[in-house]
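# Reading the structure
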Amino acid sequence: MSGAFPYLLRLKQGATLSLDLFFSDDNGAPIDLTQASSLGLLICDPFGNQVATPAITPAGETGWATVVAATAGWPYGALPCQASVTAGGITQISDTFAIIIERGVAA
C-alpha cells in the first residue's frame, strides 16, 4: 500500500464499527439518500481483496447516513475503504480512507 490516507479510524478487532457519513454533491449540498439508487461502503484488505460491504442506512437528516458492522474476522492492519452513492444518475465516490484494525491486549 502506498501513500497516506487523509482519514484514519482505529478499532480493536472484534469491536463494532459505528460510523456516521455525510454525502454531498460537488457543490457541497447534501444528497437526498432516500432517492439514491445505490449506496455502499467497500472495505478491502491491503491487497485489494474485499473484506466487507456493510449496509449504509440513511439517517433522519438529508445527506447523513450510518454504518454499523462487526469487525470480528477482519484482518489486522490498514483496510482501505470508500463510500459511494448514485442519485439522479450521478455517482459520487468518497476519498479513500482507512480503518486500522488492531489486535487487542490479552492479560
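Note: the structure precedes this text.
Residues numbered from 1 in each chain as written. Predicted model: local features only at pLDDT ≥ 70, side-chain atom pairs only at ≥ 80, totals over all residues. Heavy atoms only, no water.

## Thoughts on the pattern of salt bridges
Counted by the stated rule, this structure contains two salt bridges. The shortest N-O distance in the salt bridge between E102 and R10 comes to 2.8 Å. Within this pair, whereas E102 is found in strand β9 (residues 97-102), its partner R10 is found in strand β1 (residues 8-12), the two being separated by 92 residues in sequence. On the accessibility criterion, E102 (26% relative accessible area) is partly exposed. Residue classification places R10 among the exposed positions, given a relative accessible area of 54%. A salt bridge links K12 to E102; the shortest N-O distance between them is 3.7 Å. Of this pair, K12 sits in strand β1 while E102 sits in strand β9, and the two are 90 residues apart along the sequence. In this structure, a network of salt bridges that share partners links the residues R10, K12 and E102. (Salt bridge = Lys/Arg side-chain N within 4 Å of Asp/Glu carboxyl O. Helix = DSSP H or I, 4+ residues; strand = E, 2+ residues; numbered from the N terminus. Buried < 20%, exposed > 50% of the residue type's maximum accessible area, 1.4 Å probe, protein only.)

## Overview of the packing of aromatic side chains
Applying the stated criterion to the full structure yields one aromatic pair. When the ring of F22 is compared with that of W64, the centres are 5.0 Å apart and the planes differ by 50 degrees; the resulting orientation is tilted. In this pair, F22 sits in strand β2 (residues 16-22) while W64 sits in strand β6 (residues 64-70), placing the two residues 42 residues apart along the sequence. Residue classification places F22 among the partly exposed residues on the basis of a relative accessible area of 38%. (Phe/Tyr/Trp six-rings, centres within 6.5 Å; stacked < 30°, edge-to-face > 60°.)

## Some points on the sheet that holds β2
Taken in spatial order, the three strands make up an open sheet running β2-β6-β5, and their pairing is antiparallel. The open sheet has two free edges, formed respectively by β2 and β5 (56-58), since each of these has just one partner strand. Pairs of neighbouring strands in the sheet enclose a mean axial angle of 25 degrees, with direction left out of account. Strand direction decides the pairing type here: β5 and β6, joined by three bridges, are antiparallel. For T57, the partnering residue across the bridge sits in β6 and is T66. (Pairing = 2+ DSSP bridges. Axes fitted to C-alpha atoms, helices over the stretch in contact; angles between N-to-C directions.)

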